Amino acid sequence: WRGREGAPYGTLVPSDEVTINYRHGLPVITLMLPTRSERCQFTVKPVVTTVGAFLQDVQREDKGIERAEVFATDGSKISDATLMEILLMNDFKLVINNTAYSVSPPLKEKLSSEHATEMEDIKSLVHRLFVALHLEDHQIRKERELLQKLDHLKEELLPLEQMKARIVKSADAKTSRLLWVGLALMSTQGGALAWLTWWVYSWDIMEPVTYFITYGSAMAFYAYFVLTKQDYIYPHAKDRQFLHYFYRKSKKQHFNVERYNKLKDDLAEAEESLRRLRQPLHLRLPIQEISDKD
């Protein structure tokens, strides 16, 4: 048998010299070490072990091995970066020093049907062990990161909160003054109409005046609806006027409303993440400790 560029590789040894059996769902490769003259078993993890790592294990086991390579049945060399899972799908040649071993792996279909349940149990066990060993450290590290993020957000929000409080106080005062001015104007209008009705003119003359004043007010309310797409409800109108004063004052004092809202959203999200992380079910506290905390 010849390898790359037709170079001979000595004797081609039958396939029974290198055998592959599956034990607990993992392939076990058994081969004869040339200098030690003894059979040795190598258990590989097909999903993570590469051909190069397997050959290094073989050379590490027998220091007399100067050359270890893997070739396909057509003579092309298998890359060291190839996963063992891919290699074990087809027959291949294992070359150790000047000896080539013909290897025929078991069929993957039979392996899957026989060991699927066992492999799933092993994967589930490994996952549970990983969670048990690393979850607590991950929670502590994540909690520390969230606390640092909360401190940073609160430091950024503190001057914005102080500026917002001043702007809110100013806008609220202006809105209140506007409401009192509206009440004063309505009172003045009512007093003027009463004076004109009983002391200057008669009701027959003032009735059309009051009608057009009422109709003009209805037109003003309708115009408010056309412009704002909202009914003229006093609490809503007050809030709208408050926001008008608030944004105008914010622009004058260079208060970034979008930046403030973004920081508030990030703060709420971080607090919610910290609350969920500290839930008793996530911390796996005993029932007694949960009762004591409540």
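In this text the structure is predicted, and so the values were computed from the model without any measurement.

Draft legend 1. Region of interest: the pattern of salt bridges. With the rule as written, the count across this model stands at seven salt bridges. Of the charged contacts in the structure, one is a salt bridge between Glu-69 and Arg-67, with a shortest N-O distance of 2.9 Å. A residue is classified by how much of its surface remains accessible, and Glu-69, at 12% relative accessible area, is buried. Given the relative accessible area of 27%, Arg-67 is considered partly exposed. Put simply, Lys-264 and Glu-161 hold a salt bridge, and the shortest N to O gap is 3.4 Å.

Draft legend 2. Representation of the packing of aromatic side chains. Evaluated as defined, the whole model comprises eight aromatic pairs. With a centroid separation of 6.0 Å and 90 degrees between ring planes, the pair formed by Phe-42 and Phe-54 is classed as edge-to-face. Remark: Phe-54 occurs in helix 1 (residues 51-61) and Phe-42 occurs in strand 4 (residues 38-43); sequence separation between them is twelve residues. The pair Phe-42 / Phe-54 is uniform in exposure class, with both members buried. Ring geometry for Phe-242 against Phe-246: centres 6.2 Å apart, planes inclined by 25 degrees, an arrangement best described as stacked. Placement of the pair is Phe-242 and Phe-246 together in helix 5 (residues 234-252), with a separation of four residues, close to one helical turn.

Here is what the cut-offs are and how they apply
Residues numbered from 1 in each chain as written. Predicted model: local features only at pLDDT ≥ 70, side-chain atom pairs only at ≥ 80, totals over all residues. Heavy atoms only, no water. Salt bridge = Lys/Arg side-chain N within 4 Å of Asp/Glu carboxyl O. Buried < 20%, exposed > 50% of the residue type's maximum accessible area, 1.4 Å probe, protein only. Phe/Tyr/Trp six-rings, centres within 6.5 Å; stacked < 30°, edge-to-face > 60°. Helix = DSSP H or I, 4+ residues; strand = E, 2+ residues; numbered from the N terminus.

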